[in-house]
Amino acid sequence: MEISVFLKSVIDADSMPVVICDTNHIIVYMNPSAVARYAKRGGAELVGKSLLACHNAESNVMIEKVVAWFGESMENNKVYTFHNKENHDIYMIALRDDTGKLIGYYEKHELRTAETERRYNI
């Protein structure tokens, strides 16, 4: 089986929203959590559209700056961008090809609330 099937499965299994964009800010993939979260803005219909259309002018300037920073060094790979009212920290993370060339980025939410589920509750 191709690695891409495994990678898509990992992203789709994430309970937090993941939005993947190319370097031109075009949304190339949204996991099911992201589709649900952004349903009022178009959900899956956002794929193929510009992420910049989903943000205000100030945010767009910062997104452009982060992507430029990602391109400056292979060591520039993760930036904290926001903490929302749902206790999510939101990051932009660089995506690179096998040579280290920047090919895009993704927006990743991370929940900061401690897990209440019992361990190994199967």
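Refer to the preceding data block for the structure.
Residues numbered from 1 in each chain as written. Predicted model: local features only at pLDDT ≥ 70, side-chain atom pairs only at ≥ 80, totals over all residues. Heavy atoms only, no water.

Asks: Just to check I follow, could you spell out the layout of surface pockets for this structure?
Replies: A probe matching the size of a water molecule, rolled over the atoms, marks out where space remains unfilled. Put simply, the largest pocket is a space of about 750 Å³. Lining the largest pocket are 28 residues; nearest its centre among them are Tyr38, His55, Phe82, Ile90 and Glu107. If you list the elements that add at least two residues to the lining of the largest pocket, you get β2 (27-30), α3 (57-72), β3 (78-83), β4 (88-96) and β5 (102-111). Among the elements that line the lining of the largest pocket, the one with the most residues is α3, at 5 residues. Along the lines of polarity and charge, the residues of the lining of the largest pocket split into 17 nonpolar, 6 polar and 5 charged. (1 Å grid on protein atoms, 1.4 Å probe; cavity = no way out; pocket = protein on both sides within 12 Å on 5 of 7 lines; lining within 4 Å. Points joined across faces, edges and corners; volume = space filled by probe spheres on them. Helix = DSSP H or I, 4+ residues; strand = E, 2+ residues; numbered from the N terminus. Nonpolar A, V, L, I, M, F, W, Y, C, P; charged D, E, K, R; others polar.)

Asks: Sorry, what's going on with the pairing of β5 here?
Replies: The side chains of a regular strand alternate, first on one face of the sheet and then on the other. Relative to β5, strand β1 (residues 18-22) is paired through 5 bridges, and the arrangement is antiparallel. In the sheet register, Val19 faces β5, and the bridge partner there is Glu107. As paired strands, β4 and β5 are joined by 9 bridges and run antiparallel to one another. Each bridged residue has a counterpart across the sheet, and for Asp89 the counterpart in β5 is Glu110. Counting the residues between successive antiparallel strands, the hairpin from β4 to β5 contains 5 residues, one of them, Gly100, with a positive phi of roughly 95°. (Pairing = 2+ DSSP bridges.)

Asks: Whenever I open this one, α3 confuses me. Can you help?
Replies: Note: α-helices contain 3.6 residues per turn, so residues at a spacing of three or four share the same orientation. Between its first and last C-alpha atoms α3 spans 23 Å; for 16 residues at 1.5 Å apiece the expected length is 22 Å, and the two agree. Of all the positions in α3, only Asn60, Ile63, Val66, Val67 and Phe70 are classed as buried. Along the axis of α3, the buried residues cluster in a sector spanning 125°; they form a single face. Seen from the buried face of α3, the exposed residues on the opposite side, beyond 90 degrees, are Ala57, Glu58, Lys65 and Glu72. Contacts made by the buried residues of α3 are with β3, β4 and β5. The N-capping residue of α3, defined by a side-chain oxygen 3.1 Å from the backbone nitrogen of Glu58, is Asn56. (Expected span 1.5 Å × (residues − 1). Buried < 20%, exposed > 50% of the residue type's maximum accessible area, 1.4 Å probe, protein only. Arc of directions from axis to C-beta. Contact = heavy atoms within 4.5 Å. Polar contact = N/O pair within 3.5 Å; in protein donor to acceptor, adjacent residues only side chain to side chain.)

Asks: Explanation requested: a nonpolar patch on the surface in the structure shown.
Replies: Together, Met1, Ile3, Val5, Phe6 and Leu7 line one region of the surface with nonpolar side chains, adding up to about 580 Å² of accessible area. As for its placement among the helices and strands, Phe6 is situated in helix α1 (residues 3-13). (Patch = residues over 30% accessible without salt bridge, like charges linked within 9 Å, V, L, I, M, F, W, Y side chains within 5 Å. Areas by Shrake-Rupley, 256 points an atom, 1.4 Å probe, with all protein chains shown as cover. Salt bridge = Lys/Arg side-chain N within 4 Å of Asp/Glu carboxyl O.)

Asks: Mind showing me how you'd approach the side chain of His88 here?
Replies: Mapped onto the fold, His88 is located in strand β4. Its relative accessible area of 9% is what places His88 among the buried residues. Beyond its immediate sequence surroundings of up to four residues, His88 is in contact with Met16, Arg37, Phe82, His83, His109, Glu110 and Leu111.

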